[in-house]
Amino acid sequence: MSETETRRRAPGMSPEQRREAVVRAALPLVAEHGAAVTTAQIARAAGIGEATIFRVFDDKQAVLEAVVAAALDPSVVLQELRSISLDQPLAVRLVDAADALEAHFARVGSVLGSLHATGHTGHRRPAPQAGERERSVSATFEAVAELIEPDKDRLRLPVATLTNAFLGLLFPARVGGQSGPRTVAIEDLVDVFLYGAVKPEG
């Protein structure tokens, strides 16, 4: 397909929309191939001509940096957490939250891991703004706390305490624990978190 035909098929995109489309297409490819991904592969996945990429990005390095920024961006997972219905039982809410968070962390890990494995240093990527990570962690904490809040009157501990415990139990690497593949189902971890490991007497 020629460049002219491609542009006719997807008309009217602003440069920012085109950048977002390129990054969206590139993200799974970078997770799979790391820095070895080619702009030709990205263009095919985005349904555009390769030259179109260089109308909105200076070079492939700029594309990789945009992909890293997109993978680290917490806005998608925060939106997913806030879209979880509070009408569901607490256990279902927490399983949905854990699924969303795990998918986010897996996406970050796959992108950064593949880039590192293929020699991408990310030296041109700007340093995070002061407090950026703290704001992200705080927003995530608040979003999970909001899912627990409706049941606060029947809980033994304050919502903030339970939110910390929930995140620490399911995502220990985020609070200084060991990382590695999960060996227990999320549903089982949520069950233990809510109801304990010991059967009630009688």
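For the structure itself, consult the block above.
Read on for an overview of the structure. (Residues numbered from 1 in each chain as written. Predicted model: local features only at pLDDT ≥ 70, side-chain atom pairs only at ≥ 80, totals over all residues. Heavy atoms only, no water.)

### Looking at the packing of aromatic side chains
Selection criterion: Each pair of aromatic rings taken from Phe, Tyr and Trp, with Trp reduced to its six-membered ring, is defined by centres within 6.5 Å and is described as stacked if the planes are under 30 degrees apart, edge-to-face if over 60, and tilted in the remaining cases. Helix numbers and strand numbers start at the N terminus; a helix is a DSSP run of H or I with at least 4 residues, a strand a run of E with at least 2. Relative accessibility decides the category of a residue: with a 1.4 Å probe and only protein chains considered, values under 20% of the type maximum give buried, values over 50% give exposed, and everything between is partly exposed.
The tally for this structure, following the rule as stated, stands at 2 aromatic pairs. Centroid distance F105 to F171: 5.2 Å. Interplanar angle 75°. Geometry classified as edge-to-face. With F105 in helix α7 (residues 90-117) and F171 in the loop between α9 (159-170) and α10 (186-195), this pair connects stretches of sequence that are 66 residues apart. The exposure class assigned to F171 is buried, which follows from its relative accessible area of 7%.

### Regarding helix α6 (residues 75-82)
Test applied: This arc describes the spread of directions from the helix axis toward the C-beta atoms. Pairs of residues are marked as contacts when any of their non-hydrogen atoms sit within 4.5 Å.
Of the residues making up α6, those classed as buried are V77, L78 and L81. Down the axis of α6, the buried set is contained in an arc of 100°. They therefore lie on one face. Where the residues of α6 are buried, they touch α7 and α8 (132-148).

### Side note on the packing of α6 against α7
Rules: The convention used is that axes are lines fitted to C-alpha atoms, helices contributing only their stretch in contact, and that angles between N-to-C directions extend from 0 to 180 degrees. Roughly parallel refers to an angle under 35 degrees, roughly antiparallel to one over 145, roughly perpendicular to one between 65 and 115, and oblique to any angle outside these ranges. Under the scheme applied, nonpolar residues are Ala, Val, Leu, Ile, Met, Phe, Trp, Tyr, Cys and Pro; charged residues are Asp, Glu, Lys and Arg; polar residues are all the others, including Gly.
Look at α6 against α7: their axes get within 9 Å of each other, and the N-to-C directions meet at 170°. When the axis of α6 is compared with that of α7, the two are roughly antiparallel. For the pair α6 and α7, the contacting residues are V76, V77, E80 and L81 in the first and A97, A100, L101, H104 and R107 in the second. Split into classes, the residues belonging to the contact of α6 with α7 amount to 6 nonpolar, 1 polar and 2 charged.

### Topic: the packing of α8 against α9
To keep things clear, this is the line we draw: Handedness of a crossing follows from how the near helix is turned relative to the far one, being left-handed for an anticlockwise turn of less than a right angle and right-handed for a clockwise one.
Their axes nearest at 9 Å, the elements α8 and α9 cross at an angle of 115°. Here α8 is positioned roughly perpendicular relative to α9, judged by the angle of their axes. Relative to α9, α8 is oriented so that their crossing is right-handed. From α8, F141, V144, A145 and I148 reach across to α9, where they touch V159, A160, L162, T163, N164, F166 and L167. Its residues placed into classes, the contact of α8 with α9 shows 9 nonpolar, 2 polar and no charged.

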